[in-house]
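# Summary of structural features
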Amino acid sequence: MKPIPPAVSILVPAYNEAGRIVPFLDSLAAFLEGWGTSHEVLLLNDGSSDGTERILAEAAAARGRADRPWRVLSLARNRGKGAALRLGV
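To keep things clear, this report deals only with the structure shown in the data block. (Residues numbered from 1 in each chain as written. Predicted model: local features only at pLDDT ≥ 70, side-chain atom pairs only at ≥ 80, totals over all residues. Heavy atoms only, no water.)

## Details of the overall build of the chain
What counts here: Runs of H or I in DSSP of at least four residues are treated as helices and runs of E of at least two as strands, each being numbered from the N terminus. What the globule rule says is 2.2 Å times the number of residues to the power 0.38, and the radius of gyration is computed from C-alpha atoms. For the purpose of counting charges, residues Lys and Arg are taken to be positive, whereas Asp and Glu are taken to be negative. His and the chain ends are not included. In this description, the location of a charge corresponds to atom NZ of lysine, CZ of arginine, CG of aspartate or CD of glutamate.
Per the secondary structure count, the chain includes three helices and three strands. The order of helices and strands in the chain, counted from the N terminus, is β-α-β-α-β-α. Rg of the C-alpha trace for the chain: 13 Å, near the compact-globule value of 12 Å for 89 residues, within the 12% margin. Counting only C-alpha atoms and orienting by the principal axes, one finds that the chain spans roughly 40 × 25 × 20 Å. Each charge class in the chain was averaged separately, 11 positive and 9 negative side chains, and the resulting centres sit 7 Å apart.

## Side note on the sheet that holds strand β3 (residues 70-75)
The condition that has to hold: We call two strands paired when DSSP finds no fewer than two bridges between them. Here the axes come from fitting lines to C-alpha atoms, over the contacting stretch only for helices, and the angles between their N-to-C directions go from 0 to 180 degrees.
Ordered by their spatial adjacency, three strands build an open sheet running β1-β2-β3, and the pairing between neighbours is parallel. Each edge of the open sheet is held by one strand with a lone partner, namely β1 (8-14) and β3. Strand-to-strand, the axes of this sheet are offset by a mean angle of 20 degrees, without reference to chain direction. When strand β2 (residues 39-46) meets β3, the two strands line up parallel, connected through six bridges. The partner of Val41 across the bridge, within β3, is Trp70.

Given below as structure tokens:
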């Protein structure tokens with residue numbers, strides 16, 4: 001049986017957000033927990049150098065589920081918000 005793709009993909013671009021992204025991710029997870037729509041969360045690291053990638057990976061591991069995955073995609077160097085969003089798309 002072919003897996004059903006999520007109805008919504010949520011893209012979260014981030015660049016050097018280690019000091020403030022956790023509260024946002026907590027709020028997003030709380031909202032999505034009660035949301036009945038199938039979805040995936042793509043955390044897009046734009047070449048951060050402050051530990052953001054590690055925080056995103058920990059968030060994805062803690063919050064993702066098989067039916068509602070959270071995944072991290074990373075650019076090797078900072079290329080801007082548009083490039084991060086294109087990576088997610």
